[in-house]
Amino acid sequence: MPQLDLRPRRRDGHLSDYTALSAQVKEAGLLQRSHGYYVAVTAAWLAVLAALAIGSYLIGDSWWQLAMAPLFAMVTAQFGFLGHDAAHRQIFASNKHNDFAALFYANLMVGMGLSWWQHKHNRHHASPNKIGTDPDIAPGAISFTNQGTSGRKTPLTRWLTRHQGKYFFALMTLLGLQMQLNSLRRLFSTETVKYRRTELVLLLVRHGVAIGFAFTVMSPMVAIAFLVCAQMTLGLYFGLAFAPNHIGRPIVPETVKIDFLRRQVLMSRNLTGGRLVDVAMGGLNHQIEHHLFPSMSRPNLRRVAPMVRAHCANVGVEYHQTSLPQAYREVADFIDNVGIGEVDLWRCPLASSMGRA
């Protein structure tokens, strides 16, 4: 667990820490929309997708389609990142326009339900890495806390948890399927869903087109292999993009309250690597800035980063940034340590230095 200097300060001091940064960012004009960027990026990825479809059609019924499947998946993931931006109100000033854009990117292009994603992701943003609040660290196939580890009751689940570091990255191949199934589960639930019919129609069109294309161009065996390969690659890509964001950063006990700046910065990890990483990670490599300013357009995250870094240094808040390979090492070490019960939340300075609820 990272050792953090979190000496208690007065509550009004904590509030002013973020207020001062926010005022500086607004004055710099970094909260303005970037319409041209999103039009250009969307058009570019649509063109790449069309080129892949033409190439796949020309290849025809061949096992070389398995080389095309990961490329389709990686382009699909890029539309998922754009859907993330739209759902965060980064593209348009109008909530309605952002909703329509998110439905296009998420439901139609990725096959993932917008309502499920928003319901889950908004809770994550409110309290990243906080036990009992952040759904991303809730008990599941992987345990992210000692509480989750101790809750394993059978010999098999305990054995799997002790060895979870060995299969964590392999399990990511199922992430895309899990997201799509969770989306359908919410759409068929009794919960209120704003665009239920629209989402269902878009999902039906998306999956119908993908399956129809594969079985039209390829023989059944090749088509099935192509679809499975694309699905697994999509899950792995999403997993590799999401895992470095918060895994291995401090876990917050239920009883601890933290001011907004520290809550978002200390629980997040930024990635170095320049423009290539920006594209590959869909802007999620600037996780600290995204959590501080979730409605900020993606191209402005890189511009605001030096400002945020300097402000954190000024107020004594750790700004954790590392390379992508090192981030994966940190993630793997954390997952391993949780699995064998070596992450002690209560010894983390975060738990002892902040006020209790």
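Throughout what follows, the structure given in this document is the object of discussion. (Residues numbered from 1 in each chain as written. Predicted model: local features only at pLDDT ≥ 70, side-chain atom pairs only at ≥ 80, totals over all residues. Heavy atoms only, no water.)

### Description of a nonpolar patch on the surface
Filter applied, for reference: Patches draw on residues past 30% relative accessible area with no salt bridge. Two like charges within 9 Å are joined, as are two nonpolar side chains (Val, Leu, Ile, Met, Phe, Trp, Tyr) within 5 Å. Only the protein chains shown count as cover for residues, and the accessible areas themselves come from Shrake-Rupley with a 1.4 Å probe. Whenever a carboxyl oxygen of Asp or Glu lies within 4 Å of a side-chain nitrogen of Lys or Arg, that contact is scored as a salt bridge. Each residue gets one of three labels from its accessible area relative to the maximum for its type: buried under 20%, exposed over 50%, partly exposed in between, using a 1.4 Å probe on protein chains only.
Among the surface-exposed residues, Leu-174, Leu-177, Leu-181, Leu-184 and Phe-188 lie close enough to one another that they form a single nonpolar patch of about 470 Å² accessible area. The partly exposed category is assigned to Leu-184, whose relative accessible area is 34%.

### Digging into helix α3 (residues 65–87)
Cut-off, in case you're wondering: Only DSSP runs of H or I with at least four residues qualify as helices, and only runs of E with at least two residues qualify as strands; both kinds are numbered from the N terminus onward. A helix is expected to span 1.5 Å multiplied by its residue count minus one.
Helix length check: α3, at 23 residues, gives a terminal C-alpha distance of 33 Å against a target of 33 Å (1.5 Å per residue), a fit within 8%. Judged by how many residues are buried, α3 sits mostly within the fold: 18 of 23 residues are covered. Just downstream of α3 lies Arg-89, where phi reads positive at about 65 degrees.

### Comments concerning the pattern of salt bridges
Summed over all chains, the structure comprises ten salt bridges. The partner of Lys-120 in a salt bridge is Asp-136, with the nearest N and O atoms 2.3 Å apart. Remark: Asp-136 occurs in the loop between α5 (114–126) and α6 (146–150) and Lys-120 occurs in helix α5; sequence separation between them is 16 residues. Glu-191 is the salt-bridge partner of Arg-186, the closest N and O atoms lying 2.7 Å from each other. Overall, the relative accessible area of 11% leaves Arg-186 in the buried class.

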